[in-house]
Amino acid sequence: MSLRSALGSALGYALLGLACLFVVFAGYWAAMSALTGVTAGRAMFVVSGLGAAVTTGFSGYFARKAVAGQVMPSAFDVSVAYRGGR
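Owing to the predicted nature of the structure, the values given are computational and were not obtained by experimental measurement.

(A) Geometry of the overall build of the chain. Each helix and strand counted, the chain has three helices and zero strands in total. The linear arrangement of helices and strands in the chain, starting from the amino end, is α-α-α. The proportion of buried residues among the 86 residues of the chain is 20%. In the chain, of all internal contacts separated by at least 6 residues, the share reaching a separation of at least 24 is 71%.

Next comes the structure, spelled out in C-alpha cells:
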C-alpha cells in the first residue's frame, strides 16, 4: 500500500467517523427536544448536525472510492449515449 492510498484511506475513514459523530450529536439534540421541548437552538443543532453528517459522509465515501480508483474520470466521453450507440 502506497503512502497516497494509506493517507487517502485514513482521511476517508476519518470523515466517515466524523459523520457518525454528527449523527450522534443530532440524535442527542433530537432526544433532548423530545423530552424537554423544542427550541429554535435545538432545532438548529439537529438540522446542522444532520447536514454536516451528510456532507462529511459523502466526502469520506468519495475519498475512499477515489483512492481505490473506482471514481469515473471527469473527462469521460458520454457523447456515444447521445448518438444512439452509433
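(B) Spatial organisation of the packing of aromatic side chains. Scanning the entire structure with this criterion turns up three aromatic pairs. Between W29 and F45, the ring centres sit 5.1 Å apart and the planes meet at 45°, which makes this aromatic pair tilted. Placement of W29 in helix 1 (residues 3-36) and of F45 in helix 2 (residues 40-68) is noted, with a sequence separation of 16 residues between them. Assessed through its relative accessible area of 31%, F45 is described here as partly exposed.

(C) Region of interest: helix 2. Here helix 2 spans 42 Å end to end across 29 residues, near enough to the 42 Å set by a 1.5 Å rise per residue. Buried residues of helix 2: R42, V46, G49, A52, A53, T56, G57, G60 and A63, and no others. In this structure, the buried side of helix 2 is in contact with helix 1. G69 sits one or two residues past helix 2 and shows a positive phi near 80°.

The rules behind each value
- Residues numbered from 1 in each chain as written.
- Predicted model: local features only at pLDDT ≥ 70, side-chain atom pairs only at ≥ 80, totals over all residues.
- Heavy atoms only, no water.
- Helix = DSSP H or I, 4+ residues; strand = E, 2+ residues; numbered from the N terminus.
- Buried < 20%, exposed > 50% of the residue type's maximum accessible area, 1.4 Å probe, protein only.
- Contact = heavy atoms within 4.5 Å.
- Phe/Tyr/Trp six-rings, centres within 6.5 Å; stacked < 30°, edge-to-face > 60°.
- Expected span 1.5 Å × (residues − 1).

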